[in-house]
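# Examination of the molecular architecture
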Amino acid sequence: MLFKKIITFFSLTIVSHQLFAQAGTIITGNVTDKSTSQAVEFATIQLLKIPDSSAAKSTVTDKKGKFILENIEPGNYLLRCSFIGFSNTDVPVIIGKQARLNLGKIEILSLTASMKEVTVTGKKAVLNTSIDRKVYNVTQDIMAQSGTASDVLKNIPSVEVDIDGNVSLRGSEAVLILINGRPSPLMGKTRAEVLQQFPANSIERIEVITNPSAKYRPDGTSGIINIVLKKNVKTGWNGNVIANVGNRSRYNGSVGLNYKPGKLNVFGNYSYRQDSRNRLNNTDREYLDSTGNTASYYTENNQSPARPYSHLITLGSDYQLNSHNSFGISGNYHYRKQVKNDVTKYVFYDKNYILSGNYDRLRYDPEIEKESDATAYWQHNFPKEDHELRFELNVSGSNEVEDNHYTNVNYYPVSFSSFDNTVIRQINHQQQLNIEYTNPLSENSKLEAGYSGSFTQLDMNFYGEYYDTTQHKFVKDIVKSNQFLYKEFIHAFYATYQHSYEKFGYEIGLRAEPVNINGNLVTKDSLISNNYFKIFPTVHLSYKIRNSELQLNYSKRVNRAEGDDLNPFPEYRDPRNLRAGNPRLLPEIIHSVEFGYKWQNKNFSFVPSLYYRYKQNGFTTVTIPLNDTVLLTTQQNLSNDQYAGLELIFSAKAGKFFSANLSSNFFYEKIDASSLGYSNRKSIVSMSLNYNSTFVFSPTTFLQLSCNYRSARLTPQGKTFGTFVLNAGMRQDLLKKKMSVILTISDLFKTLQYKTELNSAYLNQTAVGKRDAQIFYLGISYRFGKAVKKSNEVKLQFDNNL
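The numbers attached to residues start from 1 for each chain and follow its sequence in the written order. Whole-chain, interface and lining totals are the exception, using all residues; otherwise, since this is a predicted model, local features are given only for residues with pLDDT of at least 70 and side-chain atom pairs are given and counted only at 80 or more. In computing side-chain values, all of the structure's heavy atoms are included and hydrogens and water are not.

Attention now goes to the packing of aromatic side chains. Aromatic pairing here means that ring centres of Phe, Tyr or Trp (its six-membered ring) are within 6.5 Å. Orientation follows from the plane angle: under 30 degrees is stacked, over 60 is edge-to-face, and everything else is tilted. One pass over the structure, following the stated rule, counts 26 aromatic pairs. Ring geometry for Phe-348 versus Tyr-359: centroids 6.4 Å apart, planes at 10°, classification stacked. Remark: Tyr-359 occurs in strand E22 (residues 355-381) and Phe-348 occurs in strand E21 (residues 325-350); sequence separation between them is eleven residues. The class for Tyr-359 is buried, based on a relative accessible area of 9%. Taking the centre distance of 6.1 Å and the plane angle of 85° together, the rings of Phe-419 and Tyr-467 count as edge-to-face. A residue pair is termed long-range when its members are at least 10 positions apart, and Phe-419 in strand E24 (residues 418-442) and Tyr-467 in strand E25 (residues 445-468) qualify at 48 residues. Residue exposure (1.4 Å probe, protein chains only): buried if accessible area is under 20% of the type maximum, exposed if over 50%, otherwise partly exposed. Exposure remark for Phe-419: the relative accessible area of 35% places this residue in the partly exposed category. Since its relative accessible area comes to 30%, Tyr-467 is described here as partly exposed. Counting from the N terminus, the helices are DSSP H or I runs at least four residues long and the strands are E runs at least two residues long.

Right under this line is the structure:
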């Protein structure tokens with residue numbers, strides 16, 4: 001019903017504007033960076049009347065750098081193309097009686113391109129928004145110099161990061177996170193930990209697409225988050241050095257270099273990060289008997305200090321063979337290590353609150369995770385502009401080891417201490433082959449087609465042992481030892497067709513995926529198999545109205561369970577609170593609809609979007625009792641789950657002094673958990689709010705403030721409470737902007753905490769989590785380089801899309 005109403009409204013809007021449209025000439029063109037030949041998105045296009053220079057029309061370029069100006073009356077004009085950090089480019093335009101005028105490629109020059117030494121004389125906007133796509137330029141975020149990827153993600157509209165580092169988009173944690181447009185083993189089970197340690201100063205930008213076309217993977221309920229690492233393509237020698245020191249013995253730094261004398265570009269980056277964390281968690285639980293009366297009480301207090309550190313290395317090279325062919329190779333290596341020394345205190349009471357048990361469980365766990373990946377590509381550019389064929393192969397692997405040593409210190413009843421160990425090894429290998437073909441069939445239409453093969457092999461090995469007091473040694477614990485092998489092969493074939501006619505444009509796409517999934521419970525000699533074939537259609541409609549645009553998008557998506565989610569063997573980190581996967585978990589199927597509007601002028605932009613998601617077999621976390629004292633947390637499928645939301649993004653700037661972005665996301669959630677034995681339907685209205693602003697006190701002095709708020713959320717068995725956090729950063733540029741001194745403060749008012757409630761027929765529980773999130777950093781960055789002038793240099797073509 002909602003979908004039909006949106007279609008009707010969209011159609012009426014188009015008809016009403018067409019009735020009042022005036023006949024005139026249509027001007028088209030595309031804007032590129034002269035030094036790199038990359039398309040420039042969000043460049044401002046102004047059509048000025050001659051001789052008074054008054055504005056006749058204006059617009060902004062899309063992600064391909066293209067623009068369109070419609071209903072232009074005959075006369076003499078000057079078309080001005082401008083973008084922050086670039087010099088203006090003016091093109092004389094004479095309009096007669098022609099119906100269409102194509103200005104072709106318009107090149108704009110970076111303000112640094114003609115300088116002998118690299119200096120920063122302009123800056124990009126922190127956030128660029130369109131209806132279904134947001135680009136967050138991390139290099140313009142002061143907090144990013146000293147913070148992590150998690151810190152930066154909090155500033156992006158509709159993206160939320162909780163106290164444990166879990167990322168959600170528009171209220172859903174089922175979001176596909178890519179690195180450089182490709183899946184990575186880092187973004188698997190431990191992605192929350194990785195993102196909290198991943199250095200933000202190694203990231204160029206973060207792209208968010210809420211309703212991708214059929215060209216992109218359909219995985220993820222709410223869309224795609226793509227983390228693009230830095231890759232300098234400036235000519236000559238260029239580099240930067242960053243160093244930061246923080247409270248509680250925190251420090252981090254990075255070095256980036258690139259050399260591009262002409263056709264060859266060589267780049268590299270190294271980052272190191274030493275962190276300090278202290279997490280506190282408290283759980284109060286009331287057990288109920290079959291009549292609903294109190295049976296017993298339980299409290300759990302956990303303190304988990306750790307000092308994780310990580311290394312990130314990026315190396316790569318691109319080479320332009322000729323004007324039609326280029327190839328390149330690049331690689332990343334990530335190493336993360338931390339030692340956890342957890343202390344968890346357990347206290348048990350009977351129904352009269354009389355002490356019945358008390359013990360401490362101590363955990364010593366040195367963890368190591370290593371990940372490496374390599375990518376090679378070859379791209380052929382046909383003589384016709386944007387006519388391309390690209391082959392890309394990516395191979396990656398990770399090895400993670402948790403070496404847990406536990407000691408149980410028993411206070412009541414008094415008894416000897418007991419000991420047990422669990423070693424968890426997880427090896428993940430992934431390969432991805434992409435073949436992409438793009439053909440602009442005409443000025444107003446384009447065909448894209450290709451193949452994407454994704455192959456994953458996962459080996460999870462748990463080895464448990466306990467100390468036998470009679471043998472005086474550790475012996476294997478059969479119950480806690482197991483091995484789970486998982487393989488997932490996906491062959492995807494896709495095609496999309498785009499066409500525009502004056503103000504109206506559409507894109508239709510189809511993606512076909514045969515999927516083969518096999519799991520092997522080696523310990524139980526049991527196999528799990530799930531083979532299926534699914535079609536994923538996408539439809540994108542757009543209509544331009546002067547300085548604004550309407551869009552209506554639909555996509556069918558899927559959220560597949562990962563190997564960890566299917567592994568039925570529980571983790572015994574806490575013997576009274578177990579976690580395990582569910583081998584019978586079905587993939588989620590999502591139907592996503594989004595209707596959006598964008599209005600923009602020189603100083604303001606406003607992007608409201610309505611969205612609706614209908615989900616079948618939705619994943620949800622459920623806690624069930626195994627006996628009187630042990631609980632098992634696992635995932636199960638809901639009957640269905642519905643989201644409807646309104647996203648509002650407002651951007652403004654006041655001259656050169658102030659710029660700000662304010663975004664809010666209101667959504668209504670209704671879940672049907674009847675298949676799990678709970679009440680048929682539950683619903684709640686929730687919201688999130690993101691705000692970030694930049695104050696420019698002088699050309700060399702900047703202040704940034706950012707805050708985010710997340711309201712209460714619904715779960716089938718309870719809810720999570722709201723959170724709020726405020727961050728601040730200041731930057732002072734020195735030495736003709738070659739050097740910067742930066743001060744950052746996160747969680748300024750110490751408000752960050754996480755609280756949940758769980759209510760069921762057998763227990764009531766409240767859990768509160770806190771961490772030492774107030775972090776101070778003082779840092780310095782230095783930029784250096786020298787450009788190489790080559791009058792006949794051939795520009796490299798790079799693909800910055802997902």
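For every residue, the predictor reports its confidence as pLDDT, a number between 0 and 100. Looking at the chain, pLDDT values average 85 and 91% of them are 70 or higher. This model gives residues 5-22 a pLDDT under 50, and the stretch forms 21 contacts once residues within four places in sequence are excluded. Contacts are assigned to residue pairs that have any heavy atoms within 4.5 Å of one another. Taken as a whole, residues 788-802 scores under 50 in pLDDT and shows 47 contacts with residues more than four places along the chain or in a different chain.

We call a set of buried Ala, Val, Leu, Ile, Met, Phe, Trp, Tyr and Cys residues a nonpolar core when their side-chain atoms join them within 4.5 Å. Among the nonpolar cores identified, the biggest contains 29 residues, and Leu-153, Val-167, Ile-206 and Ile-225 are the most heavily contacted of them. Contributing elements (two or more residues each) for this core: helix H2 (149-153), strand E10 (159-161), strand E11 (167-169), strand E12 (176-179), helix H3 (191-197), strand E13 (203-209) and strand E14 (224-229). Not counting residues within four places of it along the chain, the set of residues in contact with Ile-225 comprises Leu-153, Val-159, Val-167, Val-175, Leu-176, Ile-177, Leu-178, Ile-206, Glu-207 and Val-208. In terms of nonpolar packing, the next biggest core, distinct from the first, is built from 20 residues, Ile-27, Phe-42, Ala-43 and Ile-45 among them.

For the rest of this paragraph, the subject is the side chain of Glu-402. Mapped onto the elements, Glu-402 comes out in strand E23 (residues 388-412). Every residue in contact with Glu-402, bar those within four places of it in the chain, is listed here: Arg-363, Asp-365, Pro-366, Glu-367, Thr-422, Val-423, Ile-424 and Arg-573.

Any two strands between which DSSP finds at least two bridges are classified as paired. A sheet is described by the order of its strands in space; here three strands give the open sequence E31-E35-E34, paired in mixed fashion. Either end of the sheet is taken by a strand with one partner, and the two such strands are strand E31 (577-579) and strand E34 (619-625). The average undirected angle you get between the axes of adjacent strands in this sheet is 35°. In this structure, E31 lies alongside strand E35 (residues 631-637), joined through three bridges in parallel fashion. Residue pairing in the sheet places Asn-577 in a bridge with Leu-631 of E35. Whenever a helix is involved, its axis is fitted only over the stretch in contact; in every case the axis is a line through C-alpha atoms, and angles between N-to-C directions fall within 0 to 180 degrees.

Read across the open sheet, the five strands follow the order E8-E9-E13-E14-E12; overall the sheet is mixed. Pairing within the sheet leaves two strands with one partner each, and these edge strands are strand E8 (127-129) and E12. Put simply, the sheet's adjacent strands are angled 15° from each other on average, direction ignored. Note that E12 and E14 share four bridges and pair parallel.

Okay, the pairing of E23 next. Both E22 and E23 contribute to a ladder of 22 bridges, which runs antiparallel. Residue pairing for E23: Gln-379 is matched across the bridge by Arg-390. What sits between the antiparallel neighbours E22 and E23 is a turn of six residues, in which Asp-386 has the positive phi angle 65°. Pairing geometry for E23 and E24, over 21 bridges, is antiparallel. By the bridge assignment for E24, Tyr-406 is matched with Asp-420. Between E23 and the antiparallel strand that follows it, E24, lie five residues.

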